[in-house]
Amino acid sequence: MRGGQLLAASLVPTPYLTRGMIMTNVDTKPSNYSTFPSWPENNHEIPTWIYSNEQLFDREMEVFFGGNTWNYVGLECEVPEPNSFKRSWIGTTQVVVTRDAGNQIHVVENRCTHRGTPVCWKQRGDASSLVCPYHQWTFGLDGKLLGLPFIRGAFGKGGMPKDFDKSSHGLRAAKVVVRGGGIWASFGESPPPLEDYFGPEILSLYDRFLNGRPLKLLGYSRQILPNNWKLYHENLRDLYHAAILHTFLVTYGLYRADVEHLNDTPENGRHEYGKSIFSKKTRDQVNEAVHEMTLRREGQILNEMSMVEPEIEFDDGLTSNFNVFPSVHIQQHGNIFSMRHIIPKDVRSMELAWTQFGYADDSSELEMARLKQANLVGPAGYISAEDGEVLALIQTNVERHPDVLQPLEMGGRDINLPSDNMLNEDLLRSFYRFYRREMGL
Ligand code: FES
Ligand SMILES: [Fe+2]
């Protein structure tokens, strides 16, 4: 067993501006945290302390969700009308996504600037303003403080000082960009243009199916995963497991080692994508790629084969899965369109909030196919349930043993990307190289 000695870490408090109303936005440069346990200077050993260190988690929230990043918060079709809203999250910060009477989209923190009460208590709905229940301070859908009871007191007594300035007590508002029906927000002071943040490869995968064609919300599912949020990001970049753990994918040829595919971690390891070609032919192939997959159920068929035989919607025949770090995994898998919103809760738990959607002009058959296939990967499906269970049990073990170095040596110790094979851990090595650089570790 190797690893560093656990040193006491002290937090530098996040700076606040006057009146406790607007949190200073932090740059992606980490603040002056004290020393963390050690981590060898290579890309192929991951220390287990990173999954349970509370100070590290605080810094991650600051660097990745409070910094100059763009975070997925919802779809335009979830706030379809003027005066509609939905709650969402940027990391551990709850926000309200609103569409005002003039059709402008806003994202504001769900924290009253008076005493901190949430101003929005419903998941979705319609309202022309946000009224805090505690003392009824009332905010516009853009976050501006519109008014408060007894501002001038009553019977000549009480009330706010004459120089009380409503304009400096609005809800903290994020910067917002809407693209192709997706809503993106940033609490950073100077985030780059969204297109630059995505980079050309992610942008082309995004625009390929989120291209302005109106979207339709099909439904939600949610799961609480009792594991550190990085384990989920690892899981998305872990190709090696996909064709082994998920026997369903292998059995039906949906994703396996002999599928034509390409993976990379563009923008210096920040994001990740995988694109592959689905082929019914692959399902029946028996070759080197499957003979080590002992759990493959050869010849097994489903009563409802449409679950695994998507209608080809795009001329390129591609299935694409891509990750816009830190907040979302976007999936166009067969006919499934979904946003997997990654919401860290604390160092040892996260929520995965799935939004299933289609195009507003889909045929009813295609809409049904999207919903049916969504069962493949959702919380109760054949894939996410398997990942969720594995990750929960990993968390238990890595917490018990925080001083172990784990190997990432499949495919070598270097980073050779893009990759057209699944038998490597290059995407993980690339992720942690990015992560360490951003975190200053
Ligand atoms: S806490 Fe919101 S009005 Fe007082
Ligand atoms: Fe998986």
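Our subject is the structure that appears above.
All figures in this text were calculated on a predicted structure; none of them were measured in a lab.

On to the nonpolar core, then. In this structure, V73, I90, V95, V97, A185 and V324 are the most contacted members of the largest nonpolar core, which totals 69 residues. Residue contributions to this core peak at 6 residues, all from helix α1 (residues 54-65). Counting contributing residues per domain, this core is built from domain 1 (71-177) and domain 2 (207-439), each supplying no fewer than three. In this structure, V324 is in contact with Y72, F198, I202, H271 and I330, ignoring residues within four places of it in sequence. In terms of nonpolar packing, the next biggest core, distinct from the first, is built from 16 residues, A243, L249, V308 and Y432 among them.

Residues of helix α8 (residues 364-377) that are buried include every one of A369, R370, Q373, A374, L376 and V377, and no others. Down the axis of α8, the sector holding all buried residues measures 140 degrees, keeping them to one side. Seen from the open side of α8, the exposed residues pointing more than 90 degrees away from its buried face are S364 and E365. The inward-facing, buried residues of α8 contact β12 (215-225), β16 (328-333), β17 (336-346), β18 (349-359) and α9 (384-400).

Turning our eyes to something else, we now look at the pairing of strand β15 (residues 318-324). Counting buried positions over the 7 residues of β15 gives 5, a clear majority of the element. Of the pairings in the sheet, the one linking strand β14 (residues 272-277) to β15 comprises 6 bridges and is antiparallel in character. Its bridge partner being in β15, S276 is matched across the sheet by T319. Here β15 runs beside β16; their pairing, made up of 5 bridges, is antiparallel.

Turning to the sheet that holds strand β8 (residues 138-139), a few remarks are in order. Read from one edge to the other, the open sheet built from 3 strands follows the order β7-β8-β9, with strand pairing classed as antiparallel. Where the open sheet ends on each side, the last strands, each with one partner, are β7 (130-131) and β9 (145-147). Relative to β9, β8 runs antiparallel, the two sharing 2 bridges. Paired with T138 across the strands is G147, a residue of β9.

With that out of the way, let us pick up the sheet that holds strand β6 (residues 124-126). Strand pairing in a sheet is mediated by backbone hydrogen bonds. Such pairs are either parallel or antiparallel. Strand order in the open sheet formed by 4 strands is β5-β4-β3-β6, with antiparallel pairing between adjacent strands. Each edge of the open sheet is held by one strand with a lone partner, namely β5 (105-109) and β6. Ignoring strand direction, the axes of neighbouring strands in this sheet form an average angle of 30 degrees. Pairing analysis gives 7 bridges linking strand β3 (residues 84-90) to strand β4 (residues 93-99), with the strands arranged antiparallel.

As a packed pair, helix α3 (residues 229-237) and α9 sit with axes 10 Å apart at the nearest point and diverge in direction by 135 degrees. Here α9 runs oblique to α3, going by the angle between their axes. In this structure, the crossing between α3 and α9 has a hand that is right-handed. Contact residues: L231, Y232 and N235 in α3; D387, L391, I394 and Q395 in α9. For the contact of α3 with α9, the class distribution of residues is 4 nonpolar, 2 polar and 1 charged.

Rules of the game
Sequence order as written defines residue numbering, which begins from 1 separately in each chain. Key to labels: chains lettered from A, ligands numbered from 1, both in the order written. The model is predicted, so local features are restricted to residues of pLDDT at least 70 and side-chain atom pairs to those at 80 or more, both for listing and for counting; the totals for chains, interfaces and linings are taken over all residues. Joined through C-beta atoms within 7 Å, a set of buried Ala, Val, Leu, Ile, Met, Phe, Trp, Tyr and Cys residues constitutes a nonpolar core. Labels follow a simple rule on C-beta atoms placed from the backbone: if 20 or more others lie within 10 Å of a residue's own, it is buried; if 12 or fewer, it is exposed; otherwise it is partly exposed. Secondary structure counts use DSSP, requiring at least four H or I residues in a row for a helix and at least two E residues in a row for a strand, with both numbered from the N terminus. Where a domain begins and ends is set by an automatic assignment or by a domain database. Contacts here follow a simple rule: the backbone-placed C-beta atoms of the two residues must lie within 7 Å. Summarising the geometry, the arc corresponds to the directions from the helix axis toward the C-beta atoms. By definition, two strands form a pair when at least two bridges between them are found by DSSP. Structural elements are reduced to axes, namely lines fitted to C-alpha atoms, with helices fitted over the stretch in contact, and the angle between N-to-C directions of any two is expressed from 0 to 180 degrees. For classification, angles of less than 35 degrees are called roughly parallel, those exceeding 145 degrees roughly antiparallel, those between 65 and 115 degrees roughly perpendicular, and all remaining angles oblique. Left-handed is the label given to a crossing in which the near helix is rotated counterclockwise from the far helix by less than a right angle, and right-handed is the label when the rotation is clockwise. Think of it as three bins: nonpolar holds Ala, Val, Leu, Ile, Met, Phe, Trp, Tyr, Cys and Pro, charged holds Asp, Glu, Lys and Arg, and polar takes everything else, Gly as well.

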